[in-house]
Amino acid sequence: MDIRIGNGYDVHALAPGIPLWLGGIQVESHIGCIAHSDGDVAIHALCDALLGALALGDIGKHFPDTSDEFAGIDSKILLARVMELIRSEGWTVGNVDVTIAMQRPKLAPYIMAMRECMASVMDIPVEAVSVKATTTEKLGFVGRSEGCEVYAVVLLKK
């Protein structure tokens, strides 16, 4: 059996009055991610990890923020398209692990819904999707609630 791992990272600035989408669900918040798409930084990092595992470039290569086609797009659509590409290459997802760094709002109440949503889009068991949330103890741009960053790791099997 062949295996590949991929690592993804994404960051978005935060601003008031924008919906906050993370892991495919809307999180109750007065701030959201500034982006060309819906700004789902968690799904963007996951897409980069999936693409990176197969050396297929990054999310910007496949879904450029200069294209009107992707303006305001639901990031779940992007994840579904990435999964089509992964499967067309003959690979399946073993597991994914996503870490969201955000000072506020508290994300613990949303973790299971994020796991379920991303698992559904990827058509894998929810047990294969880990989502963790952390703060930066008020340090840096994340700690000042100026931005959100996400790290993602995936294991692909063939």
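Residues numbered from 1 in each chain as written. Predicted model: local features only at pLDDT ≥ 70, side-chain atom pairs only at ≥ 80, totals over all residues. Heavy atoms only, no water.

**Re a nonpolar patch on the surface**
Part 1 of the reasoning: A contiguous nonpolar patch, built from Tyr9, Val11, Phe141 and Tyr151 and spanning about 340 Å² of accessible area, is present on the exposed surface.
Part 2 of the reasoning: For Val11, the position within the fold is in strand β1 (residues 3-16).
Part 3 of the reasoning: Residue Val11 is classed as partly exposed on the basis of its relative accessible area, which comes to 35%. (Patch = residues over 30% accessible without salt bridge, like charges linked within 9 Å, V, L, I, M, F, W, Y side chains within 5 Å. Areas by Shrake-Rupley, 256 points an atom, 1.4 Å probe, with all protein chains shown as cover. Salt bridge = Lys/Arg side-chain N within 4 Å of Asp/Glu carboxyl O. Helix = DSSP H or I, 4+ residues; strand = E, 2+ residues; numbered from the N terminus. Buried < 20%, exposed > 50% of the residue type's maximum accessible area, 1.4 Å probe, protein only.)

**Focus: the side chain of Asp48**
Part 1 of the reasoning: Turning to its location among the elements, Asp48 is positioned in helix α1 (residues 41-53).
Part 2 of the reasoning: Leaving out residues up to four positions away in the same chain, Asp48 has contacts with Asn7, Gly8, Tyr9, Asp58 and Ile59. (Contact = heavy atoms within 4.5 Å.)

**Some remarks on unusual backbone geometry**
Excluding glycine, residues mostly carry a negative phi; peptide bonds, for their part, are mostly trans.
Part 1 of the reasoning: Look at the link from Arg104 to Pro105: it is a cis peptide, with omega at 0 degrees.
Part 2 of the reasoning: As for its placement among the helices and strands, Pro105 is situated in the loop between β5 (92-101) and α4 (111-122).
Part 3 of the reasoning: With phi around 55 degrees, Ala55 is a residue other than glycine that occupies positive phi space.
Part 4 of the reasoning: Turning to its location among the elements, Ala55 is positioned in the loop between α1 and α2 (59-62).
Part 5 of the reasoning: Taking relative accessible area as the criterion, Ala55 reaches 70% and is therefore assigned exposed.
Part 6 of the reasoning: A positive phi angle is found at Asp123, which is not glycine, with a value near 55 degrees.
Part 7 of the reasoning: Mapping Asp123 onto the fold places it in the loop between α4 and β6 (129-134).

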